[in-house]
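Observations on the model geometry
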Amino acid sequence: MALVYPQVITGADLLHGIIKLDQLAPLLKRRGAVAVGIVNSKMYGVRSFCKVMEKYGIKPVIGLSIELLIDDDRTVLLYAYAKDDIGYSNLLKISSASSTRETETLPLKWLKAYSAGCIFICPMTDDSYEGLRNVDLIRLLTNSCGEESLYIGVGRPGGIRHHEEYAIVEMAEAAHLTITAIQESRYLHKEDEFAFEVASAIRLGYKLNDPSKPQTRKENAYVPAEEELKDWFSDRPEWLSNMSEMLLSCNGGLPPAQFILPKFPVAEGMTAEKLLKSNCQAGLKRRIPFIDERYEKRLEKEIGIICEMGFADYFLIVEDFIRFAREQGILTGPGRGSSAGSLVAYALHITDVDPIRYNLIFERFLNPGRITMPDIDVDFADHRRSEVIEYVARKYGKGHVAQIITFGTLSTKSVARNVARVFDFTNEEMAFVSNAIREEHARSLEEAVNKSKPLQQWIAIDPIREKWLHAAKALEGLPRNASTHAAGVVLSPTPLVNTVPLQNGGEDIYLTQWAMGDVEESGLLKMDFLGLRNLTLMDRIKSMIEHDKGGTFRYDNIPLNDDKTLELFRAGDTTGIFQFESAGMRDALRLIKPDKFEDVYAATALYRPGPMENIPLYSKRKNAHERFTYLHPELEPILKETEGIIVYQEQIMQIAVRIAGFSLSEADLLRRAVSKKKREILHEERIHFVQSAVRRNFPEKVAADIYDLIVKFADYGFPKSHAVAYSYISYQLAYVKANEPAYFYAALLSTAAGNQEKMMEMIREAKEKGIQILPPSVNKSKYMHIVENGHIRLGLGAIKGITPTFYNVLKEARRISKPWTSLFDFAVAIGGDHFTEKNIIPLVKAGALDEFGESRAVLLASIDAARNHALFVRPEGDDLLHEVIYSVANPKYSPGGTMKRLTLLENEREVLGFYLSEHPAVEMKRRMQERYLALSEVDKMNDRTFVKVVGLLIDIKRIRTKKGEAMAFVTLQDETGEKSCTIFPKQYAANNVHLQELNLVMIEGTVERRRGQPQIVVQSVKEV
């Protein structure tokens, strides 16, 4: 008998099994196993399973566990295996069919349609057959599966025989069905049973000590040794032989990789190639009215390569869904990645970057010498991205389009916390575990424990913590849950279920059961539909400008030489500007001093680890502080735009073409080769490059020096096409900020809701530019922030507790009423049913009712009176006499006393997330005679500078040092920003009494930078 393992459920099955392939395969290899069958509940992990087993010389058999629905409410377990390629195809369909049903079961009547090419095992000893071990069920199964394809499975896990084994054997023999031994394996070793129980608890959401927990134990569901199997079935060795023969007879496997390219529907008599050419020529004329020879030749060359590689349909598909987006007013990005180097993409309006104007290279995107799938990633405003995917699904059919799955894994910290939760550790224990594990310093839980003395001591105190660690290590790295990939979509000319297994996804779009890499390996074309938050921001700005000023505002009409915009970049005034917000990038801009768009996209390429060391050199050369020469005059046309420095990958390719006479395809292969830094490849390419250059009459030393320059910058090179395309977005946002700042900040504030520090920074900036922040108003505000006479009126949606539903009630009442002048007018207009404390208190606290001329204390005290008045005037909301009653009613405000200034400000922070009237620190500074440094000024101070600052304590984190001494990290906030402060043990002991959240304090200390960020090391804290 050959050693085989027929029913392995791997860790890919989302905690239904915890077997890791990198542990399973070596174990089976040592034992001499010749075949192993995977039977996960979905087709999760099948491709990885096959690849790993083949690597170890073990035959992988593709199988599936099926929950077979035999009547309205009873299911039984059935194992299905791919006997041949038809069977493999049917397993894809079975897994998809059950996974797209709400119950995730397969009706018995469907089984016959999918049975061809499959072998089925009916595991009669499984608990699901309790009460169903009878001739009638066997008859139903043989009718669906076919007698020759159905086996009866008998398991003896741990050598324990099932109490009905004898009856099962009699039934099988009477039905002339072969009996095979079965052994379901969900964990690797017997001692892993507890870890599997923990996995089940995590999956089902119960605690191990819960007396009402479901029974999920799977005793002896491990991978037994050959001697154990022989011992368990010593009286029935033929069952083991049947098991081997059955598994070894299965030859259904993964089909060979081949491109499965989608088809674009074309009219009769038309081909995709002809349509592509026609669309490109018409599109280029719209883009460029007067087309010169450069454009004609480039377009012809690109179309030829695209058609020769078989990608005409793909370009038409992308053109079509981008056209749909434009027609629906969905903002799309100007392009991303290397696709911006294509003139075809520009002509079809897939990108907005003219590759000839910016000297971009098509072969960097699509190289006929390197056959790969094209990759056009498209950005959409993220709030409308789903509309485009839904359009594609409608156009090509629901069964031809799917989003791609992604799996969330139990990472080091995640597994520690999840296992601790099912162990019912206390909150304090959970917090300790979480804080003790530093994932950035450890690649595994074991390493994290080895590096943490406190964690080792904590574990040693209690044996239960040892069990926690053992279980967590066993589960670490396993996938825990499935979700939808942020961008990936696949499209197939044939039903996807022929190629990949599917399951239900969101928005009525299917989801693949395989992750990105597996989907691409199957030959399907993956497209990225990316949601970009900055495009949503730009869409909001565009809508506001068009609403207020009329006409159409077009980003593609923005001039790229606008001095106000370039001045904004030169000043580093880039809050809210895509790619340019970090402090380091702002410093780089101030150094570079951009005076043209080319400098803007050069900055994006330079500001990365490695290349950023060239920023000072670029700046000196650009601003005429340093003269330089080229290794050879032929390099000047290529490197002039980047001050003699290789910044872009395209420059490497251009150098190879100009110096060594390479074709652009060869140049792209060189670029890829040298970036891998493999010594033998570098040596081969050096010989090739230098000899080719010498044949073109370049001196050998010059050619060698130029090659060395290429190698030096190969890692530094950034795709110029991507730099240009993405810098369009940055520039367009900067243009709006420079020329329409109120609209920019109004839209930007909406994106920062909930981030107090960011909101304060934006409000401070807006005020510095002369833009007032007007409080929310029930008469004037919309749901979102708007621009009002050049200033920003806060939206009611920014108020915590104000829902879109309530706003719509208010909006309708406002439409049919005159502007409200009192709380009572407002109450009557919206009706007593809606005028509740839940809705009105947040409005009062935010200042949205200040226009009624009463203090907020009075307004809060008068809510009940106003509601009673509304119910009296309109008892049912539509009383015909309410006008008469309203005219005689004379409601009065209730006395409210005096509200402290600090209370008023705290109320604002509570409902808006920031202080609107003013920050409490401002009033405190007014009262105090000394001058205190603004927190925003701390960034400019040198290390060890003594500072005195005033602010609000908004976050306090107390910890103990390795010596057990107490210390704290606090966050101080004033009207200019926030700053982290460190209070060491000695100062903590003296000042701890003042460390209360929302205390107003004065802090003295010294500036110190850690990881490049300035903070204050505290000497003293005083309450003010």
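Our structure's up above, just so we're on the same page.
About the criteria used
- Residues numbered from 1 in each chain as written.
- Predicted model: local features only at pLDDT ≥ 70, side-chain atom pairs only at ≥ 80, totals over all residues.
- Heavy atoms only, no water.
- Helix = DSSP H or I, 4+ residues; strand = E, 2+ residues; numbered from the N terminus.
- Buried < 20%, exposed > 50% of the residue type's maximum accessible area, 1.4 Å probe, protein only.
- Polar contact = N/O pair within 3.5 Å; in protein donor to acceptor, adjacent residues only side chain to side chain.
- Contact = heavy atoms within 4.5 Å.
- 1 Å grid on protein atoms, 1.4 Å probe; cavity = no way out; pocket = protein on both sides within 12 Å on 5 of 7 lines; lining within 4 Å.
- Points joined across faces, edges and corners; volume = space filled by probe spheres on them.
- Nonpolar A, V, L, I, M, F, W, Y, C, P; charged D, E, K, R; others polar.
- Core = buried A, V, L, I, M, F, W, Y, C linked by side-chain atoms within 4.5 Å.
- Pairing = 2+ DSSP bridges.

As for its position among the elements, His 722 is in helix α31 (residues 720-739). On the basis of relative accessible area, His 722 is assigned to the buried category, the value being 17%. Only 2.7 Å separates the side chain of His 722 from the backbone nitrogen of Gly 337, close enough to count as a polar contact. Beyond its immediate sequence surroundings of up to four residues, His 722 is in contact with Arg 336 and Gly 337.

Along helix α16 (residues 427-436), the residues that are buried comprise Glu 429, Met 430, Val 433, Ser 434 and Ala 436. Buried residues along α16 sit against α15 (412-422), α18 (453-461) and α19 (463-475).

Moving on to empty space enclosed by the protein. Empty pockets left among the atoms are what a rolling probe the size of a water molecule brings to light. Under the definition given, this model contains one cavity of 30 Å³ or more. Counted as a void, the largest cavity has a volume near 40 Å³. For the largest cavity, the full set of lining residues is Gly 333, Gly 335, Arg 336, Ser 339, Ile 350, Thr 351, Ile 376, Asp 377, Val 378 and Asp 379. Across the lining of the largest cavity, the residue classes tally to three nonpolar, four polar and three charged.

Each pocket or cavity is described by its volume, and for the second largest pocket that value is around 1300 Å³. Along the walls of the second largest pocket sit 44 residues, with Leu 77, Asp 126, Glu 184, Arg 186 and Lys 218 positioned nearest its centre. Secondary structure elements with two or more residues in the lining of the second largest pocket: β3 (59-69), β4 (75-82), α3 (85-99) and α7 (193-204).

On to the nonpolar core. Residues Ile 541, Phe 689, Phe 826, Ile 840, Leu 843 and Leu 849 are the most contacted members of the largest nonpolar core, which totals 134 residues. Top element by residues in this core is α31. It accounts for 12 residues. Leave out the neighbours within four places in its chain, and Ile 541 touches Tyr 555, Leu 733, Val 736, Tyr 743, Phe 744 and Ala 747. Leu 68, Ile 119, Leu 137 and Val 415 belong to the second-largest nonpolar core, a separate cluster that totals 131 residues.

This part takes up the pairing of strand β21 (residues 977-983). In terms of burial, β21 is largely enclosed, as six of its seven residues are buried. Note that strand β20 (residues 966-974) and β21 share seven bridges and pair antiparallel. Bridge assignment links Gln 973 to a residue of β21, and that residue is Glu 978. Counting the residues between successive antiparallel strands, the hairpin from β20 to β21 contains two residues. Of the pairings in the sheet, the one linking β21 to strand β23 (residues 1013-1023) comprises two bridges and is parallel in character. Residue pairing across strands places Thr 982 opposite Val 1017, the latter belonging to β23.

Its place among the elements puts Arg 621 in helix α25 (residues 615-622). Sequence separation between Arg 621 and Ile 645 is 24 residues, and the spatial gap between their C-alpha atoms is 9.8 Å. Residues contacting Arg 621, with those up to four places away along its chain left out, are Glu 626, Phe 628, Glu 643, Gly 644 and Ile 645.

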